[in-house]
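The primary structure of each chain is shown beneath.
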Amino acid sequence: MENSVIILDFGSQYTQLIARRVRECNVYSEIVPYNISCRELLNKKPKAIIFSGGPSSLSKKNVPLCDKKITQLGIPILGICYGMQLLARFNQGKVSASPIREYGKASLQTRKKDGLFANLSSNLIVWMSHTDKVSKLPLGFEAIAFTQNSSIAAFKNKEKKLYGVQFHPEVVHTPKGKKIIHNFLYKIADCKKNWTMKSVIKHSISSIRKQVADKKVICALSGGVDSSVLAILLHKAIGHQLHCIFVNNGLLRKDEGEKVVKTFKTHYNINLKYIRAEKRFLKRLKGIIDPEKKRKIIGHEFIQVFQEEAKKIGPVNFLAQGTLYPDVIESYSAHSGKSGPSATIKSHHNVGGLPKKMKLTLIEPFRNLFKDEVREIGITLNLPQEIIWRHPFPGPGLAIRIIGSVSPERIKILQAADTIVIEEIKKAGFYKKTWQAFAVLLPIKSVGVMGDARTYENVIALRAVTSLDGMTADWVKLPYDLLGKISNRIINQVKGVNRIVYDISSKPPSTIEWE
Ligand code: XMP
């Protein structure tokens with residue numbers, strides 16, 4: 001795409017953040033592996049290039065190096081941390097290993113008030129995370145900033161359009177980092193401000209129309225933010241050629257099915273098949289305790305139901321999916337390695353198995369987007385706030401929140417408790433502040449006393465976590481008042497529960513869901 005910024009990924013844990021910051025400055029950015037060929041790169045018509053940081057040390061052998069020719073194209077390059085050191089190496093500068101790792105906040109003094117540091121104060125707080133540093137300026141370069149530990153904390157070669165910073169402008173701990181990236185894009189690389197969700201919507205709609213022509217598209221609607229925005233976007237593009245299928249597996253939140261029908265069918269007039277398959281799923285789950293077995297059964301049954309229903313629609317050519325950019329990058333990123341996924345902790349079922357079996361062509365309009373951008377599209381398309389900010393909900397639903405075997409009675413108890421948790425968390429203003437909040441029904445009973453009588457009833461665990469992407473998480477320090485209120489309401493209003501506990505474990509070593 002013209003006017004894009006290509007980010008070479010040398011394995012930094014922050015590479016995705018760089019891409020997001022660039023897009024927040026309204027310029028399209030794409031992450032590519034560091035060893036992309038010069039020709040492939042040029043095909044992408046970049047207006048600027050960024051070299052990410054990375055965990056490697058140039059003092060070692062077999063480190064990731066990009067094609068040196070890329071640095072000689074005359075396209076502006078910003079090297080961050082390892083990326084800066086690489087620019088130094090390519091231009092006869094010297095990079096040395098420092099005995100101590102510099103990690104955390106540092107005070108940066110700038111020498112220049114133009115270019116990268118235009119309109120910024122000469123003293124900036126920046127975030128450092130490195131061991132090696134540039135110890136001798138490369139030929140024709142000028143040091144433009146320094147810290148206590150490094151006389152070359154940023155450099156430039158204006159003629160060659162090469163710039164480097166030892167710190168990480170992409171992280172929030174560098175408060176003026178976004179401005180520095182902004183300066184690189186607009187003051188140095190002359191980028192145009194043309195990446196907005198309005199333009200993305202316009203472009204997506206016209207390319208969906210072109211691809212689909214007069215054929216039919218099916219889409220599995222889950223009620224979550226990605227599939228909801230996807231359905232609305234496709235509906236806008238191709239109207240009733242879109243056929244959504246929403247499967248009620250009996251493991252949804254209370255009244256979820258009816259809510260989805262009301263929003264999408266009644267309000268948006270989308271072609272929606274609401275499939276009541278509760279009995280089928282529950283029958284197959286009867287007596288199953290092993291979480292992975294539950295996942296497999298639910299995943300398999302979902303595909304069955306979906307295929308049956310899709311057949312009834314008639315000849316269909318396309319399947320729309322809400323695949324996001326992080327899923328795409330994960331498959332080649334330098335730090336995750338190409339050698340395959342790490343140990344399977346939980347097999348997350350999604351509709352990924354569908355296209356192969358059904359021979360459908362995929363339509364994935366969000367393949368290049370981050371979740372925040374999908375939300376923004378939803379906002380631009382006037383989707384209800386409730387959908388846009390909805391917490392993630394696992395495909396196997398309440399089945400993996402009912403520890404032990406799943407039965408209609410236990411689902412009813414958990415749905416009632418879960419409704420109270422969400423209501424109270426929302427009322428207290430904690431819903432947007434948490435990544436997920438929910439109730440878990442435990443497979444043990446505890447003794448209680450109600451009136452003068454002894455009770456022997458179920459225990460519910462509450463879980464509320466903060467997280468950025470679900471990969472790591474921390475438990476939320478919910479106020480005692482709120483915990484007390486939730487506990488009181490559940491014990492008083494949900495028949496069959498006499499005790500509430502709060503889960504105070506982080507991920508890792510725990511996981512977000514209990515199963
Ligand atoms: P864990 O429990 O692995 O969860 O820490 C991380 C995120 O993934 C969700 N999750 C699932 N999502 N199918 C899904 O679609 C699944 O089987 C599944 N298991 C966990 C979980 O809710 C959290 O957001």
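Residues numbered from 1 in each chain as written. Predicted model: local features only at pLDDT ≥ 70, side-chain atom pairs only at ≥ 80, totals over all residues. Heavy atoms only, no water.

**Remarks on the pairing of strand β9 (residues 162-165)**
Regular strands place side chains that alternate from one sheet face to the opposite one. Our working rule: Throughout this description, buried means an accessible area under 20% of the type-specific maximum (1.4 Å probe, protein chains only), exposed means over 50%, and partly exposed covers the range between. In this text, helices come from DSSP runs of H or I with a minimum length of four residues, and strands from runs of E with a minimum of two, each type numbered from the N-terminal end. For two strands to be treated as a pair, DSSP must find no fewer than two bridges joining them.
Residue alternation in β9 divides its side chains into two sets, Leu 162 and Gly 164 and Tyr 163 and Val 165, and both sets are buried. Pairing of strand β4 (residues 77-80) with β9 involves four bridges; the strand directions are parallel. The residue bridging Ile 80 from the neighbouring strand is Val 165, located in β9. Pairing analysis gives four bridges linking strand β8 (residues 154-157) to β9, with the strands arranged antiparallel. Paired with Ala 154 across the bridge in β9 is Val 165. Linking β8 to β9, which pair antiparallel, is a turn of four residues; within it Lys 161 sits at a positive phi near 60°.

**A short note on the sheet that holds strand β6 (residues 123-136)**
Sheets are built from strands that pair by backbone hydrogen bonding, the pairs being arranged parallel or antiparallel. Definition in use: Inter-axis angles, ranging from 0 to 180 degrees, are taken between N-to-C directions of lines fitted to C-alpha atoms, where helices are fitted over the stretch in contact. Contact definition: two residues touch when any of their heavy atoms are within 4.5 Å.
A sheet is described by the order of its strands in space; here nine strands give the open sequence β2-β1-β3-β4-β9-β8-β7-β5-β6, paired in mixed fashion. With one partner strand each, in any of the chains shown, β2 (29-33) and β6 form the two edges of the open sheet. The sheet shows a mean angle of 25° between the axes of neighbouring strands, direction not considered. Of the strand pairs in this sheet, strand β1 (residues 4-9) and strand β3 (residues 46-51) are connected by five bridges, and their pairing is parallel. Note that in β3 the partner of Ile 7 across the bridge is Ile 50. In the packing of helix α3 (residues 82-90) onto the sheet, the strands contacted are β3, β4, β5 (94-110), β6, β8 and β9, and the crossing angle to β4 comes to about 115°. Packed onto the sheet, helix α4 (residues 177-188) meets β1, β3, β4, β6 and β9 and runs at close to 145° relative to β3.

**Side note on the pattern of salt bridges**
Two side chains bearing opposite charge may form a pair once their charged atoms approach each other closely. The test is simple: In what follows, salt bridge is the name for a side-chain nitrogen of Lys or Arg lying within 4 Å of a carboxyl oxygen of Asp or Glu.
Throughout the structure, instances matching the rule amount to 31 salt bridges. Residue Lys 156 pairs with Asp 114 through a salt bridge whose shortest N-O separation is 4.0 Å. With Lys 156 in strand β8 and Asp 114 in the loop between β5 and β6, this residue pair connects regions lying 42 residues apart in the sequence. Under the relative-accessibility criterion, Lys 156 is labelled buried at 9%. Close ionic contact of Glu 423 with Arg 489 constitutes a salt bridge, the shortest N to O distance being 3.0 Å. With Glu 423 in helix α14 (residues 408-427) and Arg 489 in helix α15 (residues 480-493), this residue pair connects regions lying 66 residues apart in the sequence. Given the relative accessible area of 36%, Glu 423 is considered partly exposed.

**Let's talk about the confidence of the model for the protein**
Here is the rule we go by: Confidence per residue, as judged by the predictor, is encoded in pLDDT with a range of 0 to 100.
Summary statistics for the protein give a mean pLDDT of 93 and a share of 95% for residues scoring 70 or more. The model gives residues 334-342 a pLDDT under 50, and that stretch makes eight contacts with residues more than four places away or in other chains.

**Topic: the packing of helix α1 (residues 15-24) against α4**
For clarity, the threshold we go by: Angles below 35 degrees are treated as roughly parallel, those above 145 as roughly antiparallel, those between 65 and 115 as roughly perpendicular, and all remaining angles as oblique. Crossing handedness: left-handed means the near helix sits turned counterclockwise from the far one by under a right angle, and right-handed means the same turn made clockwise. The residue classification treats Ala, Val, Leu, Ile, Met, Phe, Trp, Tyr, Cys and Pro as nonpolar and Asp, Glu, Lys and Arg as charged. All others, Gly included, are polar.
Relative to each other, α1 and α4 sit at 65°, their axes nearing to 9 Å. The orientation of α1 relative to α4 falls into the category roughly perpendicular. For the element pair α1 and α4, the recorded crossing hand is right-handed. Note on element contacts: α4 touches α1 through Lys 178, Ile 181 and Leu 185, opposite Arg 21, Val 22 and Glu 24. Of the residues in the contact of α1 with α4, the class split is three nonpolar, no polar and three charged.

**As for α3**
In terms of residue burial, α3 counts as a mostly covered element, since eight of its nine residues are buried. Along α3, the residues classified as buried are Tyr 82, Gly 83, Met 84, Gln 85, Leu 86, Leu 87, Ala 88 and Phe 90. Residues of α3 that are buried make contact with β3, β4, β5, β6, β8 and β9.

**Topic: the nonpolar core**
Here is the rule we go by: Side-chain atoms within 4.5 Å are what join buried Ala, Val, Leu, Ile, Met, Phe, Trp, Tyr and Cys residues into a set we call a nonpolar core. Those domain boundaries reflect an automatic or database domain assignment.
Ile 218, Ile 460, Leu 462, Leu 478 and Ile 490 are the most contacted members of the largest nonpolar core, which totals 52 residues. Ranked by residues supplied to this core, first place goes to α14 with eight residues. Each of two domains, domain 2 (197-388) and domain 3 (401-502), supplies a minimum of three residues to this core. Residues in contact with Ile 490, not counting those within four places in the same chain, are Ala 417, Ile 420, Val 421, Leu 462, Val 497 and Ile 500.

**Digging into the side chain of Glu 309**
Within the secondary structure, Glu 309 is located in helix α9 (residues 291-313). Owing to a relative accessible area of 8%, Glu 309 belongs among the buried residues under this scheme.

**Remarks on the packing of aromatic side chains**
Note the threshold: Pairing of aromatic side chains requires ring centres within 6.5 Å, counting the rings of Phe and Tyr and the six-membered ring of Trp. Pairs whose planes differ by under 30 degrees are stacked, by over 60 edge-to-face, and all others tilted.
In total, this model carries 12 aromatic pairs according to the counting rule given. Seen in terms of ring centroids, Phe 10 and Tyr 82 are 5.5 Å apart; in terms of plane orientation they differ by 50°. Their pairing is tilted. One end of the pair, Phe 10, is in the loop between β1 and α1; the other, Tyr 82, is in helix α3, with 72 residues separating them in the sequence. Residue Phe 10 is classed as buried on the basis of its relative accessible area of 2%. Among the residues examined, Tyr 82 registers a relative accessible area of 1% and is labelled buried. Ring plane angle 75° and centroid distance 5.4 Å describe the contact between Tyr 103 and Trp 127, whose orientation is recorded as edge-to-face. Note that Tyr 103 is positioned in strand β5 and Trp 127 in strand β6, a separation of 24 residues in sequence. Put simply, the rings of Phe 10, Tyr 34, Phe 51 and Tyr 82 touch in pairs and so form one group of aromatic residues.

**Overview of the side chain of Asn 498**
For clarity, the cut-off: Contacts described as polar in this section are N or O atom pairs within 3.5 Å, which, within protein, must combine one atom able to donate a hydrogen with one able to accept it, while residues neighboring in sequence count only if both atoms come from side chains.
Inspection of the secondary structure puts Asn 498 in strand β18 (residues 497-502). Of note is the side chain of Asn 498, whose polar atom sits 2.8 Å from the backbone oxygen of Ser 446. Among the polar contacts listed, one links the side chain of Asn 498 to the side chain of Thr 455, at a separation of 3.0 Å. Residues within four places of Asn 498 in sequence aside, it is in contact with Ser 446, Val 447, Gly 448, Thr 455, Tyr 456, Glu 457, Asn 458 and Ile 491.

**Focus on the pairing of strand β12 (residues 272-276)**
Spelled out, the test is: If you view a crossover with the strands going away from you and the path from the first strand over the helix to the second runs clockwise, you call it right-handed.
Sheet analysis places strand β11 (residues 242-248) next to β12, joined by five bridges and oriented parallel. From the neighbouring strand, Ile 245 faces β12, where its bridge partner is Lys 273. A crossover connection joins β11 to the parallel β12 through helix α7 (residues 256-267); in handedness this β-α-β unit is right-handed.

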